[in-house]
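Each chain is listed here by its residues.
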Amino acid sequence: MDFATFLIQTLNALQYGLLLFLVASGLTLVFGIMGIINLAHGSFYMIGAYLAFVLTSATGSLVLAIVLGIPLALLFGAFLEWLLFSHLYKRDHLEQVLLTYGLILVFEELRSLLVGNDVHGVNIPAFLDASIRLTEVMTYPVYRLAVSAVCVVLAVALYFVIQRTRLGMMIRAGNDDRTMVEALGININMIYRVVFALGVALAALAGMLAAPMSSVFPNMGSQVLIISFVIVVIGGIGSVWGALVAALIVGFADTFGKVLLPEISGMIVYLVMAVVLLWRPEGILKKG
Amino acid sequence: MKSTKHIIGATALALALGAAFGSAQADDKVKVGLMLPSTGTYAALGAAITNGFKQFVAENGGKLGGREVEYYTVDDESDPAKATENANKLVKRDKVDVLVGTVHSGVALAMAKVARDNKTLMIVPNAGADELTGPLCAPTLFRSSFTNWQPAYAMGKVAAEKGHKKVVTLTWKYAAGQQSTEGFKEAFEKAGGKVVKEMTLPFPNVEFQPFLTEIAALKPDAVYVFFAGAGAAKFVRDYQAAGLKASIPLYGAGFLTDGTLEAMGDAGKGLLTTLHYADGLDNKKDAAFRLNYAKTYKMQPDVYAVQGYDAAQLYQAGLAAAGGDPSKQEAVIKGMEAAKIDSPRGAFTLSKAHNPVQDIYLRQAEGTQNKVVSTAIKSLADPARGCKM
């Protein structure tokens, strides 16, 4: 591998890792703060991608679709929390798994009834539909770079909200000691609703941003679900920074694994997970 | 009156041939077991195969071998883990005369074992695993579709004829992909070319960017891939976005562009693929088949519908040779082996291993159609390596 190729592969790894972070960040929030194992997280990613497809077809613009899609996803998340998840906090993980697995089936069936089973493409917005020439034959799509930039901005914004705002303080407090937070007169249920809606919106946004790159297809959520859990576990459950670091590690392991160790590229991510867990069973950045 | 006469005639025939009492009465229906996916990723393919099969039966007066057809269906969910159990339902519980299925090769391999153990006739209407008509071939096992080797081998020849010397292949690391790239390599290297790198990624991973970067660094004359469905659409879009489509021609087995062209948009335009079926074939059978299919099902047929249609034709040919009696399996098999199937894809016969000996077409993507360009190889027979029959 010459140096130019190495640099491009590094770019590939960063870009893939950042996109994975976007999906995993919502999962780590919901899992870490609310203690819910949400297997339906991949479905929210799928719903986001289909929203992008449907809304882009209707409005003619992916940007407009995302602007419309985010509030829809937030509302949908808040509604689901009110209808189903709010009853789960005191139940054990098995019941959470059953409910959220059931939701996967329901969402896939609804998707099949409403949009059908075909593979669809979503067009890249015209102003991002360009490429940068990297080598003699290879170009890099501007859209991928733009998505990476959005992911970085979101990572910073999330950090800011959680570490520097009053809401973030309440979220963190709720994560540490729910009863104490309630005793202080804070409406913890409202906070959970906000966090869950945020988690759904992050997954849906990831789906919307990924739609032009990955195309839109049935069961697309299940592909990101497992890798998202891997990232959450490597990063430390509930840690947004941990998820970012873990997503980048997974991005690099996957990209370079495919090129340098093709024979074991299918399991390399899981090997990384095993090594990290032996080294730090709580995950890289689990706070004490 | 006519049907009464028919019953009397057939009963007499059955008695004359000494069939066991009750086993071959003419009012018996022929039992067809359809084990296809009706849910999951391949649901649409399963539906197309069923539609094609039933269309032939309808054109044949609602009968096969002169008998009413009774269908027994099982959704195989494209799940190899449930395949044996599902096949047993049709073979042992329902005692079907013929087992038709399926799309997924892993499921088909398990079905073939059940069918062979119970000596049930089986027709594979899609699954391309080379083994089915290779090491696992059996007198009772037939295929109306293709082997993974066939379209790939044809593309290897085409790529060499276009003057390419150095090719890189890429596919998912699973049997279909590897059989396909091996078929390509066999023909391409026989014609003097060289496959300089064979790349694989785990199924169903679709993060192609590292491989595109590798391809750009290797700068081959062309790239051959085996992908299908959503992964195919994504790969082709990524290939164009990486700027490679302009400088390095991309070739694939036909599944790359079957049912995926709409999702590919501009990126799919002009892609060359090889398959045993194409849009715009100049034959009357195809024109009639398409018209009838569109009328009945309100949509256009695809290669899967053709394979389903031909599975029914093939069985009809066998039954006709056995006087319409499905219990006379040897006669049915002889009839099927000798049949010349007038398929919408063009007429074909079966090889000794029971796989179609068929023309493979070179097609070019145009809009959402794969228009025939030429016949890449005429009457191509799978080598059926490992088949002892």
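Residues numbered from 1 in each chain as written. Chains lettered and ligands numbered in written order. Predicted model: local features only at pLDDT ≥ 70, side-chain atom pairs only at ≥ 80, totals over all residues. Heavy atoms only, no water.

**Here we look at the overall build of chain B**
Across its full length, chain B carries 12 helices and 14 strands. Here the C-alpha atoms of chain B give a radius of gyration of 22 Å, agreeing with the 21 Å that 2.2 N^0.38 yields for 389 residues. In chain B, which comprises 389 residues, the proportion classed as buried is 57%. The contacts in chain B between residues at least 6 apart in sequence include a share of 67% that link residues at least 24 apart. About 15000 Å² of surface is accessible on chain B, with carbon and sulfur atoms providing 54% of the total. (Helix = DSSP H or I, 4+ residues; strand = E, 2+ residues; numbered from the N terminus. Rg over C-alpha atoms; globule rule 2.2 N^0.38 Å. Buried < 20%, exposed > 50% of the residue type's maximum accessible area, 1.4 Å probe, protein only. Contact = heavy atoms within 4.5 Å. Areas by Shrake-Rupley, 256 points an atom, 1.4 Å probe, with all protein chains shown as cover.)

**Regarding the overall build of chain A**
Secondary structure summary: chain A contains 11 helices and two strands in total. Its helices and strands taken in sequence order, chain A reads α-α-α-α-β-β-α-α-α-α-α-α-α from the N to the C terminus. Expected size for 288 residues packed as a compact globule is a radius of gyration near 19 Å; at 19 Å, chain A falls within 12% of this value. Over its C-alpha atoms, taken along the principal directions, chain A stretches across nearly 65 × 50 × 35 Å. Split into buried and exposed, the 288 residues of chain A put 52% on the buried side. Summarising the internal contacts of chain A: among those between residues at least 6 apart in sequence, 75% fall at separations of at least 24. Of the roughly 12800 Å² of accessible surface on chain A, a fraction of 71% belongs to carbon and sulfur atoms. Computing the positive centroid from 14 side-chain charges and the negative centroid from 15, chain A places the two 10 Å apart. (Lys, Arg positive; Asp, Glu negative; His and termini not counted. Charge placed at Lys NZ, Arg CZ, Asp CG, Glu CD.)

**Observations regarding the packing of aromatic side chains**
Each aromatic ring pair is described using two quantities: the centre-to-centre distance and the angle formed by the ring planes. Applying the stated criterion across every chain, the model contains 31 aromatic pairs over all chains. Taking the centre distance of 5.1 Å and the plane angle of 90 degrees together, the rings of Phe208(B) and Phe235(B) count as edge-to-face. Of the two residues, Phe208(B) is situated in the loop between strand E8 (194-201) and helix H7 (209-218) and Phe235(B) in helix H8 (residues 229-241); the sequence distance between them amounts to 27 residues. Residues Phe289(B) and Tyr293(B) carry aromatic rings whose centres are separated by 5.9 Å and whose planes lie at 45 degrees to one another, so their mutual orientation is tilted. One end of the pair is Phe289(B) and the other is Tyr293(B), both in helix H10 (residues 284-297) and four residues apart, which spans about a single turn. Each member of the pair Phe289(B) and Tyr293(B) is classed as buried. Ring pairs connect the aromatic residues Phe146(B), Trp172(B), Tyr174(B), Phe203(B), Phe208(B), Phe226(B), Phe227(B), Phe235(B), Tyr239(B) and Phe255(B), which therefore count as one cluster. Seen from the ring of Trp279(A), Arg280(A) lies directly overhead, with NZ or CZ sitting 5.6 Å from the centre. (Phe/Tyr/Trp six-rings, centres within 6.5 Å; stacked < 30°, edge-to-face > 60°. Lys NZ or Arg CZ within 6 Å of the ring centre and 35° of its normal.)

**Some words on the interface of chain B and chain A**
The interface of chain B with chain A comprises 30 residues on the first partner and 34 residues on the second. Between chain B and chain A, the buried area comes to about 2700 Å², and carbon and sulfur atoms account for 54% of it. Joining chain B to chain A, the criterion identifies three salt bridges. We note a salt bridge from Lys173(B) to Glu263(A), for which the minimum N-O separation is 3.2 Å. Among the secondary structure elements, those contributing two or more residues to the side of chain B that touches chain A are H7, H8 and helix H9 (261-264) of chain B. (Buried area = accessible area lost by both parts, 1.4 Å probe. Salt bridge = Lys/Arg side-chain N within 4 Å of Asp/Glu carboxyl O.)

**Some details on the side chain of Gln358(B)**
Residues and elements named next belong to chain B. Following the sequence through the fold, Gln358 ends up in strand E13 (residues 356-366). One polar contact links the side chain of Gln358 to the main-chain carbonyl oxygen of Ser145, over a distance of 2.9 Å. Within polar-contact distance, the side chain of Gln358 engages the side chain of Arg345 at 2.6 Å. Look past the residues within four positions of Gln358 in its chain and what remains in contact with it is Ser145, Phe146, Gln150, His276, Arg345, Phe348, Ile377, Lys378, Ser379 and Leu380. (Polar contact = N/O pair within 3.5 Å; in protein donor to acceptor, adjacent residues only side chain to side chain.)

**A short note on the pattern of salt bridges**
Counting across every chain of the model gives 23 salt bridges over all chains. As a salt-bridge pair, Arg144(A) and Asp238(B) come within 3.3 Å of each other at their nearest N and O atoms. On the criterion of chain membership, the pair formed by Arg144(A) in helix H5 (residues 142-164) and Asp238(B) in helix H8 is interchain, its members lying in two chains. For the pair formed by Arg144(A) and Asp238(B), the shared burial category is buried.

**Regarding the sheet that holds strand E5 (residues 121-124) of chain B**
Residues and elements named next belong to chain B. Pairing in this open sheet of six strands is mixed, and the strands run E2-E3-E1-E4-E5-E6 from one edge to the other. Of all the strands in the sheet, the pair left with one neighbour each is strand E2 (63-64) and strand E6 (141-143). Pairing between E5 and E6: three bridges, direction parallel. Bridging across to E6, Ile123 finds its partner in Phe142. Here helix H4 (residues 105-117) sits on the sheet and contacts strand E1 (30-36), strand E4 (98-100), E5 and E6; the angle it forms with E5, its principal contact strand, is near 165 degrees. (Pairing = 2+ DSSP bridges. Axes fitted to C-alpha atoms, helices over the stretch in contact; angles between N-to-C directions.)

**Some words on H4(B)**
Side chains that are three or four residues apart share a direction in an α-helix, a result of its 3.6 residues per turn. All names here are of chain B. Taking 1.5 Å as the rise per residue, H4 with 13 residues should run 18 Å; its terminal C-alpha atoms sit 18 Å apart, in good agreement. For H4, every residue scored as buried is listed here: Ser105, Val107, Ala108, Ala110, Met111, Ala112, Val114 and Ala115. In this structure, the buried side of H4 is in contact with E1, helix H3 (83-93), E4, E5 and E6. Two residues or fewer past H4, Lys119 is found with a positive phi of approximately 55 degrees. (Expected span 1.5 Å × (residues − 1).)

**Some points on the nonpolar core**
Soluble, globular proteins show a tendency: their nonpolar side chains are buried together. Core analysis: the biggest nonpolar cluster contains 122 residues, and Met34(A), Phe227(B), Phe235(B), Tyr239(B) and Leu244(B) have the highest contact counts within it. Per-element tally for this core: the top contributor is helix H8 (residues 188-214) of chain A, with 17 residues. With near-sequence residues (within four places) excluded, Phe235(B) lies in contact with Leu170(B), Phe208(B), Leu212(B), Val225(B), Phe227(B) and Leu250(B). Counting residues in hydrophobic clusters, the runner-up holds 70 residues, among them Val98(B), Val158(B), Phe188(B) and Tyr361(B). (Core = buried A, V, L, I, M, F, W, Y, C linked by side-chain atoms within 4.5 Å.)

**Observations regarding the pairing of strand E9 (residues 222-226) of chain B**
Residues and elements named next belong to chain B. For E9, the tally of buried residues reaches five of five residues, placing the bulk of the element in the interior. Across five bridges, the pairing between strand E7 (residues 166-172) and E9 is parallel. Its bridge partner lying in E9, Thr171 is registered against Phe226. Note: E9 against strand E10 (residues 250-253), three bridges, orientation parallel. Bridge assignment links Tyr224 to a residue of E10, and that residue is Tyr251. Viewed along the sheet, the connection from E9 through H8 into E10 turns out right-handed. (Right-handed = clockwise from strand over helix to strand, strands pointing away.)

**Some points on the confidence of the model for chain B**
Predicted confidence across chain B gives a mean pLDDT of 91, with 93% of residues reaching 70 or more. Predicted confidence for residues 11-26 of chain B stays below pLDDT 50, and this span has 14 contacts to residues more than four positions away or in other chains. (pLDDT = per-residue confidence, 0-100.)

**Remarks on the side chain of Asn205(B)**
With respect to the secondary-structure elements, Asn205(B) resides in the loop between E8 and H7. Among the residues examined, Asn205(B) registers a relative accessible area of 19% and is labelled buried.

**Observations concerning the environment of Ala87(B)**
Residue and element names in this part refer to chain B. Looking at where Ala87 falls in the secondary structure, it is placed in helix H3. By relative accessible area, Ala87 is classed as buried at 0%. Placed 14 residues apart in sequence, Ala87 and Gly101 show a C-alpha to C-alpha distance of 9.4 Å. The contact partners of Ala87, leaving out residues within four places of it in the chain, are Met35, Met111 and Val114.

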